[in-house]
Amino acid sequence: MGIGTPIIAFDTLESTNKTAAELLSLSKVQHGAVILAREQTAGRGQRGRTWTAQPGLDLTASVVLKPPALRAEDQFVLGKMAALAVAEVTRMLVPAEVRIKWPNDVLVERKKIAGILIKNEVVGELVQSSVVGVGINANSSGFPEEMTATSLLLETGRVVDVKVLLDHLCKALDRRWKAFENGDDGLAAEYTEHLWARGRWTDLLLDGQCIVARPMDVDDHGRLIVEHEGGAVNAYGLDRLRFAPR
Ligand code: ATP
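Residues numbered from 1 in each chain as written. Predicted model: local features only at pLDDT ≥ 70, side-chain atom pairs only at ≥ 80, totals over all residues. Heavy atoms only, no water.

Peer 1: Go over the overall build of the protein chain, please, and point to the residues and values.
Peer 2: Secondary structure assignment for the protein chain yields 5 helices and 13 strands. Principal axes of the C-alpha set define a box for the protein chain whose edges measure 50 × 45 × 30 Å. Sorting the 246 residues of the protein chain into buried and exposed places 49% on the buried side. Taking contacts inside the protein chain between residues at least 6 apart in sequence as the whole, the part at least 24 apart equals 62%. Surface exposure of the protein chain reaches about 12000 Å², of which carbon and sulfur atoms provide 49%. Between the mean site of the 29 positive side-chain charges and the mean site of the 32 negative ones, the protein chain shows a separation of 3 Å. (Helix = DSSP H or I, 4+ residues; strand = E, 2+ residues; numbered from the N terminus. Buried < 20%, exposed > 50% of the residue type's maximum accessible area, 1.4 Å probe, protein only. Contact = heavy atoms within 4.5 Å. Areas by Shrake-Rupley, 256 points an atom, 1.4 Å probe, with all protein chains shown as cover. Lys, Arg positive; Asp, Glu negative; His and termini not counted. Charge placed at Lys NZ, Arg CZ, Asp CG, Glu CD.)

Below is the structure:
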């Protein structure tokens with residue numbers, strides 16, 4: 001069975017990732033299951049940050065994945081798949097430029113339309129399971145200015161059916177999952193092609209210090225490869241590098 005079967009819908013959850021992880025630990029969900037919430041009371045972003053969504057208007061869901069034999073060092077492939085699938089469904093609706101902000105936010109021009117939070121369970125050298133949390137700003141509007149956010153409604157002027165959006169997302173993810181299972185390594189090139197700020201001198205924070213560098217690509221471990229002023233090229237993980245706040 002593919003990704004999106006079953007879809008387990010809840011009215012209110014702390015977070016879909018939390019419930020997905022709990023159900024997974026109890027063996028109550030298998031590969032492909034999706035936890036959907038109309039409302040999250042404690043939606044999470046990276047580094048303990050908050051993800052906000054309007055109850056009933058936006059998409060907040062988590063997909064359970066069980067990779068057959070994915071080495072821990074290759075786990076960023078899941079982030080690539082998720083970001084590319086979210087970018088694809090966004091692009092289906094939004095005419096403006098859609099890009100992936102490393103590691104896995106989706107932007108429309110400079111504005112964030114979706115966030116992804118992935119929690120992998122690693123046992124020994126292998127990723128045993130993964131919970132891929134996705135928040136897509138579907139029908140909300142009126143974001144605080146400092147958030148630099150947008151939604152499908154704001155970009156298109158049309159109300160989106162969140163269940164239909166989820167269905168498209170599951171299909172986009174499933175296609176990439178099957179290609180990956182069949183040994184297709186096209187994900188890396190696709191991710192590079194859609195990388196936000198690629199080749200552009202950009203403000204970044206390296207070990208908390210402001211630097212200007214050019215994102216070029218990601219390596220197989222998911223580190224961002226940047227060219228520094230002066231020409232040196234290095235790869236850094238999220239533990240050291242991030243985009244400077246806008
Ligand atoms: P940033 O893109 O601000 O550097 P990040 O990538 O480190 O943040 P994420 O974990 O992706 O952080 O998302 C959390 C951040 O995204 C929050 O701190 C908030 O600024 C912003 N945010 C929260 N909810 C939304 C939303 N619905 N749409 C857009 N941005 C949001």
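Peer 1: Tell me about the sheet that holds strand β13 (residues 241-243), and please be specific about residues and values.
Peer 2: Judged by pairing direction, the sheet is antiparallel, and its 5 strands sit side by side in the order β12-β11-β10-β9-β13 without closing on themselves. Unpaired on one side and paired on the other, β12 (233-236) and β13 mark the two borders of the sheet. In this sheet, adjacent strand axes meet at a mean angle of 50° when their direction is disregarded. Across 3 bridges, the pairing between strand β9 (residues 202-206) and β13 is antiparallel. Residue L205 lies in a different strand from β13, and its bridge partner there is R242. (Pairing = 2+ DSSP bridges. Axes fitted to C-alpha atoms, helices over the stretch in contact; angles between N-to-C directions.)

Peer 1: I'd like a description of the nonpolar core, backed by residues and values.
Peer 2: Core analysis: the largest hydrophobic core is formed by 59 residues, its most contacted members being L59, W102, I136, Y191 and L241. In terms of residue count, the dominant contributor to this core is helix α2 (residues 76-93) (11 residues). Looking at this core, you find at least three residues from each of domain 1 (7-193) and domain 2 (202-243). (Core = buried A, V, L, I, M, F, W, Y, C linked by side-chain atoms within 4.5 Å. Domains from an automatic or database assignment.)

Peer 1: Could you give me a rundown of the site of the ligand, with the residues and numbers involved?
Peer 2: In the vicinity of the ligand lie 15 residues, with Q46, R47, R49, T52 and K101 positioned nearest. In this structure, an oxygen atom belonging to the ligand sits 2.3 Å away from a main-chain N or O atom of Q46. Contact distances for the ligand include 2.8 Å between an oxygen atom and a side-chain N or O atom of K101. In the complex, the protein chains occlude 88% of the 610 Å² of accessible area that the ligand would expose alone. Of the residues belonging to the shell around the ligand, the class tally is 3 nonpolar, 5 polar and 7 charged. (Near = heavy atom within 4 Å. Polar contact = N/O pair within 3.5 Å; in protein donor to acceptor, adjacent residues only side chain to side chain. Nonpolar A, V, L, I, M, F, W, Y, C, P; charged D, E, K, R; others polar.)

Peer 1: Run through the packing of α2 against helix α5 (residues 186-193), naming residues and quoting values.
Peer 2: The N-to-C vectors of α2 and α5 enclose an angle of 55°; their axes lie 10 Å apart at closest approach. In terms of orientation, α2 and α5 fall into the oblique class. Handedness of the α2/α5 crossing: left-handed. Packed against α2, whose contacting residues are F76, V77, K80, M81, A83 and L84, the element α5 presents L187, A188, E190 and Y191 at the interface. Residue composition of the contact of α2 with α5, by class: 8 nonpolar, no polar and 2 charged. (Parallel < 35°, antiparallel > 145°, perpendicular 65-115°, else oblique. Left-handed = near helix turned anticlockwise from the far one by under 90°.)

Peer 1: Explain the pairing of strand β5 (residues 98-101) residue by residue, including any values.
Peer 2: Here β5 runs beside strand β6 (residues 105-108); their pairing, made up of 4 bridges, is antiparallel. Bridge pairing in β6 places R99 opposite L107. Count of turn residues in the β5/β6 antiparallel hairpin: 3 residues.

Peer 1: Go over the domain arrangement of the protein chain with me, naming the residues and quoting the values.
Peer 2: Domain assignment breaks the protein chain into domain 1 (7-193) and domain 2 (202-243). For domain 1 and domain 2, the distance between their C-alpha centroids amounts to 24 Å. Across the contact, 12 residues belong to domain 1 and 14 residues belong to domain 2. Taking both sides of the interface into account, the surface hidden between domain 1 and domain 2 amounts to around 1100 Å²; carbon and sulfur atoms contribute 62%. Applying the counting rule to domain 1 against domain 2 returns 0 salt bridges. Secondary-structure elements contributing two or more residues to the side of domain 1 that touches domain 2 are α2 and α5. The class makeup of the residues in the side of domain 1 that touches domain 2 is 4 nonpolar, 2 polar and 6 charged. (Buried area = accessible area lost by both parts, 1.4 Å probe. Salt bridge = Lys/Arg side-chain N within 4 Å of Asp/Glu carboxyl O.)

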